[in-house]
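Residues per chain, in single letters:
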2 protein chains.
Amino acid sequence: MRLAELSERTGVAVATLKYYRREELLHPGTTLSRTQADYDETHVERVRLVRALSEVGGLSLAKVAKVLEIITTSGQDWMAVLEAAQRTLAPEGAAIPDPTAATPGDGAPHTSRALAWVQSRGWQVDLQDPFIDELERAWQACDHAAIGLTPTSLDRYADHVEGIAQVDVDSVPADPEGAVRQVILGTVLIDPVLVALRRLAQQHVSVSRAQSS
Amino acid sequence: MRLAELSERTGVAVATLKYYRREELLHPGTTLSRTQADYDETHVERVRLVRALSEVGGLSLAKVAKVLEIITTSGQDWMAVLEAAQRTLAPEGAAIPDPTAATPGDGAPHTSRALAWVQSRGWQVDLQDPFIDELERAWQACDHAAIGLTPTSLDRYADHVEGIAQVDVDSVPADPEGAVRQVILGTVLIDPVLVALRRLAQQHVSVSRAQSS
């Protein structure tokens with residue numbers, strides 16, 4: 001199919017598709033002439049994947065490009081892929097400045113409450129993992145909003161999140177390429193599913209309790 | 001304290017603080033002269049809250065302003081506040097166009113798979129709730145990425161998310177103003193906590209299984 005039909009099939013403007021081509025988010029079609037190329041179903045799928053990751057997953061197009069690079073490179077082992085994915089997908093945000101803290105931001109995160117909590121939980125994770133800093137940052141934000149998040153309430157959340165992670169890991173297929181796709185795309189794209197479920201479940205729990213009281 | 005000291009205490013630039021004042025994200029200080037005002041601890045707290053919601057919670061400053069309006073207006077009942085919060089915090093994203101669907105986007109969401117799933121789950125929620133559309137949109141994105149999200153795997157996730165919602169609802173204090181704060185701020189600011197926990201728990205579950213196999 002020509003670019004116009006690819007645009008119609010995917011609902012993405014021709015100009016945007018040309019931009020995806022230039023940025024190598026979309027692989028080349030079969031060259032028909034100096035100005036025309038032929039596209040197929042793999043291109044339709046790729047455009048939908050780019051949109052899913054950027055619009056629903058909230059990734060920048062630069063991060064989408066990195067994710068595509070990881071999932072289209074074969075022959076990697078499971079843990080290496082998981083680590084590459086986490087490095088790519090870790091937010092770049094700096095910690096919220098907290099002038100009341102004994103030590104300023106730089107270098108300090110690894111003596112954080114989050115690290116102490118992860119260790120007390122006994123989770124087998126890399127203690128340099130950027131998501132420990134993310135947890136610290138999110139925890140600080142809760143403090144600044146005067147939301148009482150304690151190690152105990154974090155443990156209660158973690159009990160349920162472990163169940164979610166079990167479902168995540170169960171969903172990973174045995175073949176290596178399928179595994180790579182599932183780990184990376186599932187990590188990004190299941191987040192919005194869980195956010196929507198949490199909002200709906202909060203409503204359900206509130207209504208159920210109001211009825212039984 | 002003067003604006004310069006407020007800036008030092010919060011780590012937020014003076015120009016940004018002036019912008020917050022103009023946009024009414026920050027309440028006025030006590031006027032000292034035509035060009036000077038005196039700020040106190042309530043201003044420090046407010047600036048930290050604005051940063052927490054925008055930088056960690058990912059809200060636009062326009063949404064932060066709406067959230068502040070809701071939490072500083074007293075005398076609202078629990079369900080009304082929850083509804084106002086959900087309306088305010090619902091993402092405005094349009095559904096990903098899916099030209100293969102029998103009916104185009106507009107009006108169609110409420111005959112969606114997500115709605116059917118919510119009904120089969122028996123959740124007591126408003127069937128017009130925007131998060132049902134959000135769930136549909138997130139589910140479509142999973143399809144486009146060829147991640148197999150089925151009603152059964154959604155049920156497995158929902159079992160654990162219900163537990164999270166129980167913790168959320170348990171955290172809500174009895175006094176109405178505290179409840180308003182907790183519902184709105186907790187909804188936004190616990191999301192990043194859960195995202196970080198999920199990444200760490202995935203690692204822990206993967207490592208634990210690799211060791212036991």
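Structure first, text after, so check above.
Let us look at the structure shown here. (Residues numbered from 1 in each chain as written. Chains lettered and ligands numbered in written order. Predicted model: local features only at pLDDT ≥ 70, side-chain atom pairs only at ≥ 80, totals over all residues. Heavy atoms only, no water.)

## Description of empty space enclosed by the protein
No. 1: Under the defined criterion, the tally for this structure stands at six cavities of 30 Å³ or more.
No. 2: Each pocket or cavity is described by its volume, and for the largest cavity that value is around 140 Å³.
No. 3: Mapped onto the lining of the largest cavity, the elements with two or more residues apiece are α8 (151-170) and α9 (176-212) of chain A together with α8 (151-170) and α9 (176-212) of chain B.
No. 4: A per-class count over the lining of the largest cavity returns eight nonpolar, no polar and four charged. (1 Å grid on protein atoms, 1.4 Å probe; cavity = no way out; pocket = protein on both sides within 12 Å on 5 of 7 lines; lining within 4 Å. Points joined across faces, edges and corners; volume = space filled by probe spheres on them. Helix = DSSP H or I, 4+ residues; strand = E, 2+ residues; numbered from the N terminus. Nonpolar A, V, L, I, M, F, W, Y, C, P; charged D, E, K, R; others polar.)

## Description of the interface of chain A and chain B
No. 1: In this assembly, 87 residues from chain A lie in contact with 87 residues from chain B.
No. 2: Broken down residue by residue, the surface that chain A buries against chain B is led by Q124, Y157 and R198 of chain A, which jointly contribute 9%.
No. 3: Taking the shortest distance from any N to any O, the salt bridge between R198 of chain A and D191 of chain B comes out at 2.8 Å.
No. 4: For the pair chain A and chain B, the number of links is 28 residue pairs in polar contact (both at pLDDT 80 or more).
No. 5: Of all the secondary structure elements, the ones that give two or more residues to the side of chain A that touches chain B are α1 (3-10), α3 (41-56), α5 (78-89), α6 (113-121), α7 (130-144), α8 and α9 of chain A.
No. 6: In terms of residue class, the side of chain A that touches chain B is built from 45 nonpolar, 22 polar and 20 charged. (Contact = heavy atoms within 4.5 Å. Buried area = accessible area lost by both parts, 1.4 Å probe. Salt bridge = Lys/Arg side-chain N within 4 Å of Asp/Glu carboxyl O. Polar contact = N/O pair within 3.5 Å; in protein donor to acceptor, adjacent residues only side chain to side chain.)

## Details of the packing of α1 of chain A against helix α2 (residues 14-22) of chain A
Residues and elements named next belong to chain A.
No. 1: Where α1 contacts α2, the two axes come as close as 9 Å, and the packing angle between them is 105 degrees. Considering the angle they form, α1 stands roughly perpendicular to α2. Contacts from L3, A4, L6 and S7 in α1 reach V14, L17 and K18 in α2.
No. 2: Partitioned by chemical class, the residues of the contact of α1 with α2 number five nonpolar, one polar and one charged. (Axes fitted to C-alpha atoms, helices over the stretch in contact; angles between N-to-C directions. Parallel < 35°, antiparallel > 145°, perpendicular 65-115°, else oblique.)

Honestly, it's all geometry; don't read function into it.
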